[in-house]
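# Structural features, examined
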Amino acid sequence: MASENKYSDDDFRDQSVHGDHKPTNLVPTEPPSPRVPSAASTCSPKLYQHSFLSSYDAIATARKVYLRVLCGGVFATIIVIFTVFALLWGAFFRTPVNSLPGWVIDFDGGMVGKAVVSGLTTTNPSSKVSWTVLSADQFPNGVSQVASDVSEHKAWITVTVNPGASDRLLSALASPDADYDGSEAVSIFASEARNENAFRVILGPSAETALSMISAQFARHLIPTLTNSSTLVELMTVSPQTLTTPISYRTINLHPFNQPLATVVIFTGLIFVLILSFFIVMIANGAREASDLRRLLNFRSLIVLRFLSAFGAYFIVSLFYSLLSIAFQLDVTHKFGRSGFLVFWMMNYCGMLALGLAIESMLTLLTPTFVPFFLLTWVMVNVSVCVFPIEVLPRVYRYGYAAPFYNISKIARTVVFGVKNQVGFNFSILIIWTLISCATLTIFQYWAHRREVAAAQQTESEKSPVDG
């Protein structure tokens, strides 16, 4: 047995010392340990060093949150487009849905008056004005009283057949007059500054088209009656306009829209007023967050701070916004003289209060994350009722009579162009909006303050040591 042992103990000892050979594995090896995830995938990722598609767990989680918020916001925006934006699109769709009322007054009583009244009152499906015939006896002061009534918004448009129109025409036919002017027969009274879009798109084209047709038809019926007249040749030579246009019309624009800058104040500028109000809301909110006053002040001090900040900031901003228009020579003295600027400034101030305090109130309820959706809604609801007269829009737009934009626009038209003075009524609407927003802001802030105080107290109680 000893002879069969090839290696002695000394041999093993020598090999282990010199390391010339490695001994065979006499003890079984342990199985490999299970694979552990690399520390790189579990530790916090380094900042500013990763791609959007990185495999880090933290990046994957952040990516899911980002896509969820982005897709949710885009979906909410699409909902706003098809609900809120549809209000503005609907205000232009097939407008006018309804006709505007107009008056026809015959001060002549002859063949010219009868022809005009009959022509205008004949059913015309394409007419955008519904004509009502009024007796001349209702206007004892004549045509001047009609013009005054249009200025006072008792009618959108009037057509008057002027006194003696038929007598002048018959006299010109009997004794040709080179100075005969058929346009003296009929007058159109309207006020462009009341609503320039209505004047240019609805009132003017409807009345002028109808009267042009009446004039042409009247001429066609008149000429055959003169074939045997002894003055026909003389008429064709001396006064051909008496035959071609025996009656025509003049458009009298009682309040022309003659200040292009007013477009900014009356329409486009209203959006700027709202945007400036939104700026003040967000600046004040940022100031409260940066100073931590939102958490440091009690409810009474916080709500007073919000009111004072809003009223004070709008007072200053509205002044400089008003001065900008004056710097570009907008004339605001037409109705109230030098006091017109004060009315103009207070219009912008009350407008900012009515618009901005509503945003201030909703900011507390919706938070800065969702308040832009309210801003879009607030813009569209107001703009939709300022382009065309509410009377020609579908009934759903009747809310516009109480909309801030509509009432600001009415005040501006009175100050700039001198149209009917309803400034007191319009200011009262803006003040009512301001009071409503003050009430809702107080309620929402009280609710939010109580919730924040309760959350802070709960956090403090969780941190305090529990008695043994």
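Residues numbered from 1 in each chain as written. Predicted model: local features only at pLDDT ≥ 70, side-chain atom pairs only at ≥ 80, totals over all residues. Heavy atoms only, no water.

## Brief notes about the overall build of the protein chain
In terms of helices and strands, the protein chain carries 16 helices and 5 strands. The proportion of buried residues among the 468 residues of the protein chain is 40%. The long-range share in the protein chain, meaning contacts at least 24 apart out of those at least 6 apart in sequence, stands at 77%. Approximately 26,700 Å² of the protein chain is accessible, and the part contributed by carbon and sulfur atoms is 63%. (Helix = DSSP H or I, 4+ residues; strand = E, 2+ residues; numbered from the N terminus. Buried < 20%, exposed > 50% of the residue type's maximum accessible area, 1.4 Å probe, protein only. Contact = heavy atoms within 4.5 Å. Areas by Shrake-Rupley, 256 points an atom, 1.4 Å probe, with all protein chains shown as cover.)

## A short note on the nonpolar core
Core analysis: the biggest nonpolar cluster contains 103 residues, and Val112, Val116, Leu120 and Ile359 have the highest contact counts within it. When residues of this core are assigned to their parent elements, the largest contribution, 21 residues, is made by helix α14 (residues 340-383). Every residue in contact with Val112, bar those within four places of it in the chain, is listed here: Val161, Ala165, Ser166, Leu169, Ala185, Phe218 and Ile247. Residues Trp103, Leu134, Phe139 and Ala155 belong to the second largest nonpolar core, which totals 10 residues. (Core = buried A, V, L, I, M, F, W, Y, C linked by side-chain atoms within 4.5 Å.)

## Some details on the UniProt feature "transmembrane region" (unreviewed entry) in the protein chain
Under the UniProt annotation, "transmembrane region" (unreviewed entry) lies at residues 65-92, 261-283, 303-328, 340-358, 370-390 and 427-448. Taken end to end, residues 65-92 comprises 96% helix and 0% strand; its first and last C-alpha atoms sit 40 Å apart. Its end C-alpha atoms 29 Å apart, residues 261-283 is made of 96% helix and 0% strand. (UniProt positions renumbered as here; feature names shortened; annotations may be inferred.)

## Re the packing of aromatic side chains
This structure, assessed with the given rule, holds 12 aromatic pairs. Here Phe92 and Phe388 contribute two aromatic rings whose centre-to-centre distance is 5.9 Å and whose plane-to-plane angle is 75 degrees, an arrangement assigned as edge-to-face. Taken together, the residues span a long stretch of sequence, with Phe92 in helix α4 (residues 85-92) and Phe388 in the loop between α14 and α15 (404-417) at a distance of 296 residues. Owing to a relative accessible area of 45%, Phe92 belongs among the partly exposed residues under this scheme. Here the basic side chain of Arg194 rests over the ring of Trp156, its NZ or CZ set 3.7 Å away from the ring centre. Stacked on the ring of Phe257, the Lys or Arg Arg200 has its end atom at 5.5 Å from the ring centre. (Phe/Tyr/Trp six-rings, centres within 6.5 Å; stacked < 30°, edge-to-face > 60°. Lys NZ or Arg CZ within 6 Å of the ring centre and 35° of its normal.)

## Examining α14
In this model α14 runs just 25 Å from its N-terminal to its C-terminal C-alpha over 44 residues, more than 12% under the 64 Å that 1.5 Å per residue would give. Most pronounced at Thr367, the bend in α14 amounts to some 120 degrees, and the proline Pro368 follows within four residues. (Expected span 1.5 Å × (residues − 1). Bend = angle between axes of the 7 residues up to and from the residue.)

## Things to note about the side chain of Arg306
Checked against the element boundaries, Arg306 lands in helix α13 (residues 299-327). Given the relative accessible area of 3%, Arg306 is considered buried. Apart from the residues lying within four places of it in its own chain, the contact partners of Arg306 are Arg288, Glu360, Leu363, Thr364, Leu441 and Gln445.

## Thoughts on the pairing of strand β1 (residues 100-106)
Of all 7 residues in β1, 5 are buried; the element is thus mostly enclosed. Where β1 lies against strand β3 (residues 157-161), 5 bridges are found, and the strand directions are parallel. Bridging across to β3, Ile105 finds its partner in Thr160. (Pairing = 2+ DSSP bridges.)

## Overview of the side chain of Thr242
Considering the arrangement of structural elements, one finds Thr242 in helix α10 (residues 241-244). By relative accessible area, which is 0% here, Thr242 ends up buried. Excluding its chain neighbours within four sequence positions, the residues that come into contact with Thr242 are Leu169, Ala172, Leu173, Asp177, Tyr180, Leu222 and Leu235.

## Let's talk about the confidence of the model for the protein chain
Note: predicted coordinates in regions of low pLDDT should not be interpreted at a detailed level. Averaged over every residue, the pLDDT of the protein chain is 88; the share at 70 or more is 89%. Considering only residues more than four positions removed or in separate chains, one finds that residues 1-28, a stretch of pLDDT under 50, has 5 contacts. (pLDDT = per-residue confidence, 0-100.)

## Section: the sheet that holds strand β5 (residues 249-253)
Taken together, 5 strands build an open sheet; the order of strands is β2-β1-β3-β4-β5 and the sheet is mixed. Because the sheet does not close on itself, it has two edges, and the strands there are β2 (129-134) and β5. Sheet twist, expressed as the mean angle between neighbouring strand axes with direction ignored, is 20 degrees. Note that β3 and strand β4 (residues 186-190) share 5 bridges and pair antiparallel. Each residue of the ladder has a partner; that of Ile157, found in β4, is Ala190. Across the face of the sheet, helix α8 (residues 196-222) comes into contact with β1, β2, β3, β4 and β5 while running at roughly 160 degrees to β5. (Axes fitted to C-alpha atoms, helices over the stretch in contact; angles between N-to-C directions.)

## A look at α15
Taking 1.5 Å per residue, 14 residues should reach 20 Å; α15 reaches 20 Å between its end C-alpha atoms and fits that length. Taken across its 14 residues, α15 has 14 buried, putting it largely inside the fold. Looking one or two residues past α15, Gly418 carries a phi angle of roughly 80 degrees, positive in sign.

## A short note on the environment of Ser215
For Ser215, the position within the fold is in helix α8. Here Ser215 falls in the buried class, since its relative accessible area comes to 9%. Here the alpha-carbon distance between Ser215 and Thr244, two residues 29 residues apart in the chain, equals 9.0 Å.

## Quick look at the pattern of salt bridges
The full count for this structure, using the stated rule, is 10 salt bridges. The partner of Arg413 in a salt bridge is Glu196, with the nearest N and O atoms 2.8 Å apart. Here Arg413, found in helix α15, pairs with Glu196, found in helix α8; they are 217 residues apart in sequence, far enough to count as distant. Salt bridges sharing partners connect three or more residues here, namely Arg288, Arg306 and Glu360. (Salt bridge = Lys/Arg side-chain N within 4 Å of Asp/Glu carboxyl O.)

## Comments concerning unusual backbone geometry
The residue after Thr95, namely Pro96, is reached through a cis peptide bond having omega 5 degrees. Mapped onto the elements of the fold, Pro96 is located in the loop between α4 and β1. Located in the positive-phi region is Arg94, a residue other than glycine, with phi close to 55 degrees. Counting through the fold element by element, Arg94 comes out in the loop between α4 and β1. The class of Arg94 is exposed, set by a relative accessible area of 67%. Within the chain, Thr367 stands out as a residue other than glycine whose phi angle is a positive 70 degrees.

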